[in-house]
Amino acid sequence: MSRITELNIDDIKDSDLLKGFDFDNYDDGDRERWKGLLGGVLESQDGVACNSYAKGMEILGDQFSDLPNLSELNGMLEKNTGWRVMAVNGLLPCEDFYKLLSRKIFPSATFVRDWHSQAFTGYPDIFHDVVGHLPLFFDKKFSDFVSKSSAVIYQILTKTPNGTALKEQLIQNFSRYGWFTWEAGLIRENGIAKAYGGAILSSSGETNNLKERGYDKFDLLEVFNQPYTDKEFSARYFIIDSYDDLFASLEAIKTQYGVTDSIN
Ligand SMILES: [Fe+2]
């Protein structure tokens, strides 16, 4: 996977978001794998997906019955949520990733994972990105958390000098924070653990792993200290009582790192 080095986010225009994306480039094999993935995941999500994800899927479900055209998807997403997808194939520099999210631009891969990776994908593909994450963006509270936390993290990272041990530590802490919330996060609904994390909701293998491993109460310090790797299923899962817990953790981060700006 190549690293993207030139991305001037301040100058991104609407027409840049899907530059290089051509829906007609998908072939029958891509469509077949998409349908195979969707069938497996819809089954594994049953009883696992949280309410806000299920509501988003009611709106987006038709878009996902076949490989989605990102251009159509963007129209619908922007009208309903204010978010837009940017087609990105490659690894974004970490600060750019948070900056895009702070501006309600969601970077999505465009390739469909191969047959060997049906239950799990180390590199996120379009299935993970759009099916795993976008339905949650219809919940304004959750999507506000993504944009606001990204704005805070971006501020903290940019004021920390590159090449320092502190910077490496911060990058690690915040990638764990992202992993154990919007990728592998659980939320309690009527006393039952449900998933809001996109890595769970886009992977039948991750869902099965969750059922075997169980979960712990969300705790920011524990999350910062809990390693993960995107090469295997999550070693742990953390549960929140509501999205308010995420905002409380964000306030704790702002206090810890001296972010005083009001980010509303
Ligand atoms: Fe993801």
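The notes below deal with the structure included here.

It is worth spelling out the overall build of the chain at this point. For the chain, the count of helices and strands is eleven helices and six strands. Dimensions of the chain along its principal axes, counting C-alpha atoms only, are 50 × 45 × 35 Å. In the chain, which comprises 264 residues, the share counted as buried stands at 39%. Across the chain, every contact between residues at least 6 apart in sequence was considered, and the portion connecting residues at least 24 apart equals 66%.

A word on the pairing of strand 1 (residues 84–87). On strand 1, burial covers both faces: Arg84 and Met86 on one face and Val85 and Ala87 on the other are all buried. Here strand 1 pairs with strand 2 (residues 105–108) via four bridges, running parallel. Bridge pairing links Val85 to Phe106 in strand 2. Following the chain from strand 1 across helix 4 (residues 94–102) to the adjacent parallel strand 2, one finds a crossover that is right-handed.

What follows deals with the nonpolar core. Counting 62 residues, the largest nonpolar core has Tyr53, Val85, Met86, Ala87, Ala195 and Tyr196 as the members making the most contacts within it. When near neighbours in sequence (up to four residues on either side) are disregarded, Val85 contacts Leu17, Leu70, Leu73, Asn74, Leu77, Phe106 and Ser108.

Right, let's get into the environment of Asn80. Tracing the sequence through the fold places Asn80 in helix 3 (residues 70–81). Along the sequence, Asn80 and Thr207 sit 127 residues apart, while their C-alpha atoms lie 28 Å from each other.

The next point concerns the environment of Gly198. Considering the arrangement of structural elements, one finds Gly198 in helix 8 (residues 198–201). Gly198 sits in the buried class, given 24 other C-beta atoms within 10 Å. Considered as a pair, Gly198 and Val41 are 157 residues apart in the sequence and their alpha carbons are 11 Å apart. Discounting residues that sit within four places of it in the chain, Gly198 has contacts with His128, Gly132, His133, Trp182 and Glu183.

Once that is clear, we can look at the environment of Ile156. One can find Ile156 in helix 6 (residues 140–158). For Ile156, a count of 20 C-beta atoms within 10 Å corresponds to the buried category. Remark: the alpha-carbon pair of Ile156 and Ser52, spanning 104 residues in sequence, is separated by 29 Å. Leaving out residues up to four positions away in the same chain, Ile156 has contacts with Leu170, Tyr257 and Val259.

Turning our attention to helix 1 (residues 28–45). Counted at 1.5 Å a residue, the expected span for helix 1 with its 18 residues is 26 Å, and the 25 Å between its end C-alpha atoms agrees. Along helix 1, the positions that sit buried rather than exposed are Trp34, Leu37, Val41, Ser44 and Gln45. One face of helix 1 carries all of its buried residues, which in axial projection span an arc of 100°. Seen from the buried face of helix 1, the exposed residues on the opposite side, beyond 90 degrees, are Asp28, Gly39 and Glu43. Packed against the buried residues of helix 1 are helix 5 (126–133), helix 8 and helix 9 (204–213). Taken from the residues just after helix 1, Gly47 is the one with a positive phi, measuring 80°.

It is worth spelling out the sheet that holds strand 3 (residues 186–189) at this point. Sheet architecture is open: four strands sit in the order 4-3-6-5, paired in mixed fashion. Across the chains shown, the open sheet's two edge strands, defined by having one partner strand only, are strand 4 (192–195) and strand 5 (216–217). The sheet contact formed by strand 3 and strand 4 spans four bridges and is antiparallel. Residue pairing for strand 4: Leu186 is matched across the bridge by Ala195.

Let us now look at the packing of helix 6 against helix 11 (residues 243–256). Viewed as axis vectors pointing N to C, helix 6 and helix 11 meet at an angle of 10°, and their least axial separation amounts to 10 Å. In terms of orientation, helix 6 lies roughly parallel with respect to helix 11. Residue-level inspection shows Lys141, Phe142, Phe145, Lys148, Ser149 and Val152 of helix 6 in contact with helix 11, the latter providing Tyr243, Leu246, Phe247, Leu250, Ile253 and Lys254.

Let's shift gears to helix 2 (residues 51–64). Counted at 1.5 Å a residue, the expected span for helix 2 with its 14 residues is 20 Å, and the 18 Å between its end C-alpha atoms agrees. The largest bend along helix 2 reaches roughly 50° and is located at Glu58. Every buried residue belonging to helix 2 is among Ser52, Tyr53, Gly56, Met57, Leu60 and Phe64, and all of these are buried. If you follow the buried residues of helix 2, they end up packed against helix 1, helix 5, helix 6 and helix 8.

A separate point is unusual backbone geometry. A positive phi angle, close to 60°, is found at Lys104, a residue other than glycine. With respect to the element layout, Lys104 can be found in the loop between helix 4 and strand 2. One non-glycine residue, Asn190, lies in positive phi territory at about 50°. Tracing the backbone through its elements, the reader meets Asn190 in the loop between strand 3 and strand 4.

What counts and how
- Residues numbered from 1 in each chain as written.
- Predicted model: local features only at pLDDT ≥ 70, side-chain atom pairs only at ≥ 80, totals over all residues.
- Helix = DSSP H or I, 4+ residues; strand = E, 2+ residues; numbered from the N terminus.
- Buried ≥ 20, exposed ≤ 12 C-beta atoms within 10 Å, placed from the backbone.
- Contact = placed C-beta atoms within 7 Å.
- Pairing = 2+ DSSP bridges.
- Right-handed = clockwise from strand over helix to strand, strands pointing away.
- Core = buried A, V, L, I, M, F, W, Y, C linked by C-beta atoms within 7 Å.
- Expected span 1.5 Å × (residues − 1).
- Arc of directions from axis to C-beta.
- Axes fitted to C-alpha atoms, helices over the stretch in contact; angles between N-to-C directions.
- Parallel < 35°, antiparallel > 145°, perpendicular 65-115°, else oblique.
- Bend = angle between axes of the 7 residues up to and from the residue.

No statement about biological role is implied by the geometric values presented.
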